[in-house]
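# Secondary and tertiary structure notes
Residue strings, one per chain:
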Amino acid sequence: MYRISEELAELGRRRMGGAQVEGFVYGQGPAEPELMLVGEAPGEFELVDGIPFIGRAGKELMKSLASIGLRREDVYITSAVRSRPYRWGTKKERDGTLTERKYNRAPTAKEILAHAPLLDAEMRDVRPKLIVTLGNIGLQRLLGKGYKVSDVHGQLIERPVQYLADPADRTYSLTEDVRTIIPTFHPASVFYNPSLREKVEEDWQAIGRALKRHGRR
Ligand code: URA
């Protein structure tokens, strides 16, 4: 099992400063996994148990893994941001009363930059056969804003990835080594857009085929 150091986790917490985020969920999985999955940020349910992708999206993700013969223990799961970004919103209860509650939201560029050294360490230390990005946040964190999941999902991309050469930097540098990435949609995307389900299933079959072809690098 691989885990980033406590010092690095603490650095991540400090770099978040006054951002509207809560909790901290470590990336989880073996150091030499079949796949490394890069998501967005933990949500409400992940904070409870400290396990990534344990909520509704996680159940979808586990089905996708099972469709190519993999289990949670076979993969390393992480994300661009390790704390839950939230916003306050109003919920109407069944009896009509209004309550204030926290809702998940996508992480901002600043929050992604704050936790960049954490993902950089995981990218350096974890040696998966393949990296799978889940949604635009993970994809653009590694390959840049020019990539869109709707354009490149299911494609095998061999490219240097973005990292912070100096933790004080505000722009990313590119690694010298090349990593092998297959982007797909975030598992929650099918909840908002059920017509994506077929594409997601096809992407996972492409990931399964690529795993069979790819040796360990
Ligand atoms: N979305 C993510 O990107 N990560 C989680 O752990 C849960 C939902």
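Residues numbered from 1 in each chain as written. Predicted model: local features only at pLDDT ≥ 70, side-chain atom pairs only at ≥ 80, totals over all residues. Heavy atoms only, no water.

Per an unreviewed UniProt entry, the protein chain is named Uracil-DNA glycosylase, family 4, and its organism is Bhargavaea cecembensis DSE10.

What follows covers the pattern of salt bridges. In total, this model carries 15 salt bridges according to the counting rule given. Where R141 meets D120, a salt bridge forms, and the shortest distance between an N and an O atom there is 2.6 Å. Here R141, found in helix α6 (residues 136-143), pairs with D120, found in helix α5 (residues 116-125); they are 21 residues apart in sequence, far enough to count as distant. There is no split in this pair, since R141 and D120 are both buried. If you follow the salt bridges from partner to partner, you end up with E22, R84 and K102 in one network. (Salt bridge = Lys/Arg side-chain N within 4 Å of Asp/Glu carboxyl O. Helix = DSSP H or I, 4+ residues; strand = E, 2+ residues; numbered from the N terminus. Buried < 20%, exposed > 50% of the residue type's maximum accessible area, 1.4 Å probe, protein only.)

Counting along an α-helix, one turn takes 3.6 residues, and residues three or four places apart therefore face a common direction. Every buried residue of helix α1 (residues 6-16) is listed here: L8, A9, G12 and M16. Within α1, the buried residues cover an arc of 105 degrees as seen down the axis, which keeps them to one side. α1 presents E7 and R14 as exposed residues on the side facing more than 90 degrees away from its buried surface. (Arc of directions from axis to C-beta.)

Strand order in the open sheet made by the 5 strands is β3-β2-β6-β10-β7, with mixed pairing throughout. If you trace the sheet from one side to the other, it starts and ends with β3 (75-79) and β7 (157-159), each paired once. Averaged over all pairs of adjacent strands, the angle between their axes in this sheet comes to 30 degrees, without regard to strand direction. Summarising the sheet, strand β2 (residues 35-39) and β3 pair through 5 bridges and their orientation is parallel. Along β3, the bridge assignment pairs M36 with Y76. Each of β2, β6 (130-134), β7 and β10 (179-184) is contacted by α6, which is oriented at about 130 degrees to β6, the strand it contacts most. (Pairing = 2+ DSSP bridges. Axes fitted to C-alpha atoms, helices over the stretch in contact; angles between N-to-C directions. Contact = heavy atoms within 4.5 Å.)

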